[in-house]
Amino acid sequence: MNYQQILQEISNEVSTFPNTGEVANYIPELAKVDPKKFGIHLTTVNNEHFAIGDSEDRFSIQSISKVFTVAMAFSLLGDQLWKRVGVEPSGNPFNSIVQLEYENGIPRNPFVNAGALVVVDVLLSELKDAERDLFAFVQSLTGVSDITYNPIVAQSEKETGYLNVAFVNMMKAKGNIENDADEILDFYYKQCSIEMNCRELACAFLHFGENGKAYDHAGFRLTKSQVKRINALMLSCGFYDESGHFAFKVGLAGKSGVGGGIAALYPEEFAVAVWSPKLNKKGNSVRGFNSLELLTTKTGASLF
Ligand code: DON
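Residues numbered from 1 in each chain as written. Predicted model: local features only at pLDDT ≥ 70, side-chain atom pairs only at ≥ 80, totals over all residues. Heavy atoms only, no water.

As for its position among the elements, R108 is in the loop between α3 (98–102) and α4 (113–126). In the structure, R108 is positioned 24 residues away from R84 in sequence and 9.6 Å away in space, judged by C-alpha atoms. Setting aside chain neighbours within four positions, we find R108 in contact with G86, V87, E88, P89, S90, Q99 and E103. In this structure the side chain of R108 is engaged in a polar contact, spanning 3.0 Å, whose partner is the backbone oxygen of P89. (Helix = DSSP H or I, 4+ residues; strand = E, 2+ residues; numbered from the N terminus. Contact = heavy atoms within 4.5 Å. Polar contact = N/O pair within 3.5 Å; in protein donor to acceptor, adjacent residues only side chain to side chain.)

Right, dumping it as structure tokens:
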């Protein structure tokens, strides 16, 4: 497969579409990003690398980080984790609060904000230094040691994250939060404001595509079956109330973030990360989505 040529074709085709959507402006610091940025990096299980555009620029990975934290929590608690957070698509936006009250403070899945906050609660309860362990885990997945978070973005999120405060407190009232709300929120804003580039994300996600293998990164061990389940969650819940659409049009397991990144994988073949900051109304990158749709159309590399 000539992936480099395919990436070139995708870049050419996508640049002819109008650059529609809006950069995430509910987090003021994210609104400052250049909306014209566009990059893709694809890496294969044979350690081949193909890239185009701004694939080496780091950007705010936002909700893509939720894949790392749920992997850590699943490794620590095993199936006990699913008593605290569900595995069903929500059919609602990532920051919707209505379902949480009806469903007794148990978030639908670990990728909506409330679910990711429960996952942080688990990490803070189970680990002596959860922040150090998160960065060790990301470093182990990528092989890159200087990945860190942007404190200005984290602070910007903290100042405007009213709904996240509401989620933690609602869940605390319902008995599904153990730790101090501010500690959970501070950790959550750090994980969301981690900055990585497309190459680093693709390398990290490749580990979730090695379905045949159990793995151990920085002491977080996942069995084959657990890796498979992380993929199932990405496929069914990775794009919030657009997850069905992503499965329908793209057909890969993946995860988006409001920084405009999408990381996705085709098990046993490749992982790919794409970045374009303008988002559709569901909070997913417009050009990122278009690019991955073109990728699976051109390669035939879809799960279905
Ligand atoms: O809490 C938030 O709203 C953001 N830090 C993360 C949201 C996000 O990335 C949703 N993804 N598409």
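What follows continues from the structure just given.
Near the ligand, the surroundings consist of 14 residues, among which Y26, Q62, S63, E157 and Y188 are the closest. Y26 is positioned with one of its side-chain polar atoms (N or O) 2.6 Å from an oxygen atom of the ligand. A distance of 3.2 Å is found between a nitrogen atom of the ligand and a side-chain nitrogen or oxygen belonging to Y240. Surface burial for the ligand is 99%, taken as the share of its 340 Å² of free accessible area covered by protein chains. Looking at side-chain class alone, the shell around the ligand contains six nonpolar, seven polar and one charged residues. (Near = heavy atom within 4 Å. Areas by Shrake-Rupley, 256 points an atom, 1.4 Å probe, with all protein chains shown as cover. Nonpolar A, V, L, I, M, F, W, Y, C, P; charged D, E, K, R; others polar.)

Between its first and last C-alpha, helix α10 (residues 224–237) extends 20 Å over 14 residues, near the 20 Å set by a 1.5 Å rise per residue. Of the residues making up α10, those classed as buried are Q226, V227, I230, N231, L233, M234 and C237. Here the buried residues of α10 occupy an arc of 165 degrees about the axis, which is enough to place them on one side. (Expected span 1.5 Å × (residues − 1). Buried < 20%, exposed > 50% of the residue type's maximum accessible area, 1.4 Å probe, protein only. Arc of directions from axis to C-beta.)

A few words now on the sheet that holds strand β8 (residues 261–266). Taking strand neighbours across the sheet as the criterion, the five strands line up as β2-β1-β9-β8-β7 in an open arrangement whose pairing is antiparallel. Since the sheet does not close on itself, it has two edges, and those belong to β2 (49–53) and β7 (253–256), each with one partner. Between one strand and the next, the sheet's axes are offset by a mean angle of 10 degrees, whatever the strand orientation. Packing of helix α1 (residues 3–16) onto the sheet brings it into contact with β1 (39–44), β2 and β9 (270–275), and relative to β2 it is tilted by some 20 degrees. (Pairing = 2+ DSSP bridges. Axes fitted to C-alpha atoms, helices over the stretch in contact; angles between N-to-C directions.)

Moving on, we come to unusual backbone geometry. What you tend to see is this: most non-glycine residues have negative phi, and most peptide bonds are trans. Positive phi outside glycine occurs at N47, with the angle close to 65 degrees. The residue N47 is located in the loop between β1 and β2 in this model. Judged by its relative accessible area of 58%, N47 is exposed. Positioned with a positive phi, E268 is a non-glycine residue whose angle comes to about 70 degrees. Within the element layout of this structure, E268 appears in the loop between β8 and β9.

Before going further, it helps to examine helix α9 (residues 198–206). Most of α9 sits out of view: eight of its nine residues are buried. For α9, the N-terminal capping position is held by N197, with its side-chain oxygen 3.1 Å away from the main-chain nitrogen of R199.

Applying the stated criterion across every chain yields a total of 15 aromatic pairs. Here Y26 and F94 contribute two aromatic rings whose centre-to-centre distance is 6.2 Å and whose plane-to-plane angle is 40 degrees, an arrangement assigned as tilted. Separated by 68 residues along the polypeptide, Y26 in the loop between α1 and β1 and F94 in the loop between α2 (65–77) and α3 bring together distant segments of the chain. Taking the relative accessible area as the measure of exposure, Y26 reaches 40% and is therefore partly exposed. With relative accessibility at 10%, the residue F94 sits in the buried group. Ring geometry for F94 versus Y240: centroids 5.2 Å apart, planes at 50 degrees, classification tilted. In this pair, F94 sits in the loop between α2 and α3 while Y240 sits in the loop between α10 and α11 (243–249), placing the two residues 146 residues apart along the sequence. For the pair formed by F94 and Y240, the shared burial category is buried. Aromatic rings pair up to connect Y3, F50, Y266 and F270 into one cluster. (Phe/Tyr/Trp six-rings, centres within 6.5 Å; stacked < 30°, edge-to-face > 60°.)

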